[in-house]
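# Remarks on the overall topology
Take a look at the letters that make up each chain.
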Amino acid sequence: MKKLSSSLLNMVIVLTLIAVIAGGILAYVNSVTAPQIEKINADNLAAGIKSVMGGGDVQVAPEETMTATIGGKDKLFAVYPVSDASGTSLGKAIKTSENGFGGDLEVLVGFDPEGTILGYTVLQHAETPGLGAKAGLWFQKDGKGNIIGMNPGKNNFTVSKDGGEVDAITASTITSRAFLKAIQNAYDTAYGNSSK
Amino acid sequence: MSYFKILKNGIVKENPTFVLLLGMCPTLGTTSSAINGLSMGLATTFVLILSNLIISLIKNLVPDKVRIPSYIVVIASLVTILQMLMQAYLPGIYATLGLFIPLIVVNCIILGRAEAFAAKNGPVESIFDGVGIGIGFTIALTLLGACREILGTGVLFKSDDFGIAGIPLQGESGGMLMFVLAPGAFIVLGYLIAIVNKMRKA
């Protein structure tokens, strides 16, 4: 077959056809994969909430969005009230984020009704591999900078370099500060500024 | 040209990373570990084979003057399909490589092979070219990732997303962090290209 010549009509027809076909295929693939992607995201969030609330059988209430003005900027927090099987409140899981060393550091943190930290998980980060990226393990119960069981309203919730009670990740003070700030902000928004 | 020769051409003689120096952005960006390099290589191979096939099939229907925009639409559609499929069925890999998948669209290897090979050859030859160049790219990325991982963390083929512990080659803390970061990519790539050049001349 001979190659089509580059006349205006040919070009318009070919480009339109290609765009229409490509658009049609994309729309179809999207309609197939969208429910699956949504399910994975929901599952991940549910598993995350369960793990930061200390595991066990929990019931998660629908998401509530809270807004707070921090440092002159409006910040959004997704709050998930959690209760056990009989309906007694176990506390709240809160999704919070702060600007870390390499970009947004998004943390899901679980509080009991008094605001004591039950657990946390890092949802998304772009911290330095080998340094700031350790945040996912460092602040856990068996990590070096354990924050589980602390209460941002009562404890001095900053790194020891700033006079606080938490050991920062070695050589990653900026990441550590951002991490603690994210949790502190979540606490202040959901539980109010209590006296220290 | 026989099919085997086309394959070998992509892996050795025209290796996209070590010889043609194409697609440097994903090469340097994704190879912080061997597994990441391997996954990026395979994702690129998938797009490359399909884009080569489709472009060699439609090459006579596309007028010369709108060639590039048409190819870009084809490639971008394939990448978007790949991205949606990975997100839905391979969320582990997607979490690691998510940022780099859309970049495959502008990866010059793909448009380069479309222009240099698929637009001049038949569909079967184009598939073989896609496989060959894809394997060449995958080998290069895995090698680069493996070197950086060993030097940077002391462990090989570790992946948290797949729960693979990896092969410890030095002590846990025996790594030089710089090799996992961007400067290490340039240094390791430079040495690998030097070694490949030396071997090609010999």
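Residues numbered from 1 in each chain as written. Chains lettered and ligands numbered in written order. Predicted model: local features only at pLDDT ≥ 70, side-chain atom pairs only at ≥ 80, totals over all residues.

## Looking at the overall build of chain B
When its secondary structure is counted, chain B shows eight helices and two strands. Helices and strands in chain B line up, N terminus first, as α-α-α-α-α-α-α-β-β-α. Taking 202 residues into account, the globule formula puts the C-alpha radius of gyration at 17 Å, and chain B, at 18 Å, falls close to it. Each principal axis of the C-alpha atoms in chain B carries an extent, and together these give about 60 × 45 × 25 Å. (Helix = DSSP H or I, 4+ residues; strand = E, 2+ residues; numbered from the N terminus. Rg over C-alpha atoms; globule rule 2.2 N^0.38 Å.)

## Side note on the overall build of chain A
The helix and strand tally for chain A stands at three helices and six strands. The helix and strand sequence of chain A, counted from the amino end, reads α-β-β-β-β-β-β-α-α. The C-alpha radius of gyration of chain A comes to 23 Å, more than 25% above the 16 Å expected for a compact globule of 196 residues. When each of the 196 residues of chain A is scored for burial, the buried share is 32%. Pairs at least 24 apart in sequence give 48% of the contacts found in chain A among residues at least 6 apart. (Buried ≥ 20, exposed ≤ 12 C-beta atoms within 10 Å, placed from the backbone. Contact = placed C-beta atoms within 7 Å.)

## Regarding the confidence of the model for chain B
Averaged over every residue, the pLDDT of chain B is 84; the share at 70 or more is 90%. For this predicted complex, the interface score ipTM comes out at 0.72, while the overall pTM is 0.74. (pLDDT = per-residue confidence, 0-100.)

## Some remarks on helix α1 (residues 8–52) of chain A
Spanning 45 residues, α1 of chain A covers 62 Å between terminal C-alpha atoms, matching the ideal 66 Å at 1.5 Å per step. The sharpest bend along α1 of chain A reaches about 35° and sits at Thr33 of chain A, with the proline Pro35 of chain A one to four residues further on. Those residues of α1 of chain A lying buried are Val14, Ile18, Gly48, Ile49 and Val52 of chain A. On the buried face of α1 of chain A, the contacting elements are β1 (58–60), β3 (73–84), β4 (89–99), β5 (104–111) and β6 (117–124) of chain A together with α4 (67–89) of chain B. (Expected span 1.5 Å × (residues − 1). Bend = angle between axes of the 7 residues up to and from the residue.)

## Section: the nonpolar core
Membership of the largest hydrophobic core comes to 46 residues, with the highest contact counts inside it found for Val47, Ile75, Leu78, Ile110 and Leu144 of chain B. Ranked by residue count, the leading element in this core is helix α7 (residues 123–153) of chain B, at eleven residues. Sequence-distant contacts of Ile110 of chain B, that is, excluding residues within four places in its chain, are made with Val47, Leu48, Ser51, Ile75 and Ile104 of chain B. One finds Phe77, Val82, Phe111 and Ile183 of chain A within the second-largest nonpolar core, a separate group that totals 36 residues. (Core = buried A, V, L, I, M, F, W, Y, C linked by C-beta atoms within 7 Å.)

## Overview of the environment of Ile54 of chain B
Residue and element names in this part refer to chain B. You can see Ile54 is positioned in helix α3 (residues 34–58). By the C-beta count within 10 Å, which is 19 here, Ile54 ends up partly exposed. For the pair Ile54 and Tyr71, spaced 17 residues apart in the sequence, the C-alpha separation amounts to 9.2 Å.

## Observations concerning the interface of chain A and chain B
Taken together, the contacts link 22 residues of chain A with 23 residues of chain B. In the side of chain A that touches chain B, the residues fall into 14 nonpolar, seven polar and one charged. (Nonpolar A, V, L, I, M, F, W, Y, C, P; charged D, E, K, R; others polar.)

## Focus on the packing of α1 of chain A against α4 of chain B
Between α1 of chain A and α4 of chain B, whose axes approach to 9 Å, the crossing angle comes to 5°. Here α1 of chain A is positioned roughly parallel relative to α4 of chain B, judged by the angle of their axes. Each of Val14, Leu15, Ile18, Ala19, Ala22, Ile25, Leu26, Val29, Asn30, Thr33, Gln36 and Ile37 of chain A in α1 of chain A lies in contact with α4 of chain B, whose residues at this interface are Pro69, Ser70, Val73, Val74, Ser77, Thr80, Ile81, Met84, Leu85, Gln87 and Ala88 of chain B. Residues that form the contact of α1 of chain A with α4 of chain B fall into these classes: 16 nonpolar, seven polar and no charged. (Axes fitted to C-alpha atoms, helices over the stretch in contact; angles between N-to-C directions. Parallel < 35°, antiparallel > 145°, perpendicular 65-115°, else oblique.)

## A word on helix α8 (residues 182–201) of chain B
Residues and elements named next belong to chain B. The terminal C-alpha atoms of α8, which comprises 20 residues, lie 29 Å apart, in line with the 28 Å expected from a rise of 1.5 Å per residue. What α8 keeps buried is the set Gly184, Ala185, Val188 and Leu189. End-on, the buried residues of α8 take up no more than an arc of 120°, which puts them together on one face. Exposed and oriented more than 90 degrees from the buried face of α8 are Pro183, Phe186, Gly190, Tyr191, Ala194, Asn197, Lys198 and Lys201. On its buried side, α8 packs onto α2 (24–30) and α7. (Arc of directions from axis to C-beta.)

## Notes on the environment of Asp84 of chain A
Mapped onto the fold, Asp84 of chain A is located in strand β3. On the basis of neighbour count, Asp84 of chain A is assigned to the partly exposed category, with 13 C-beta atoms found within 10 Å.

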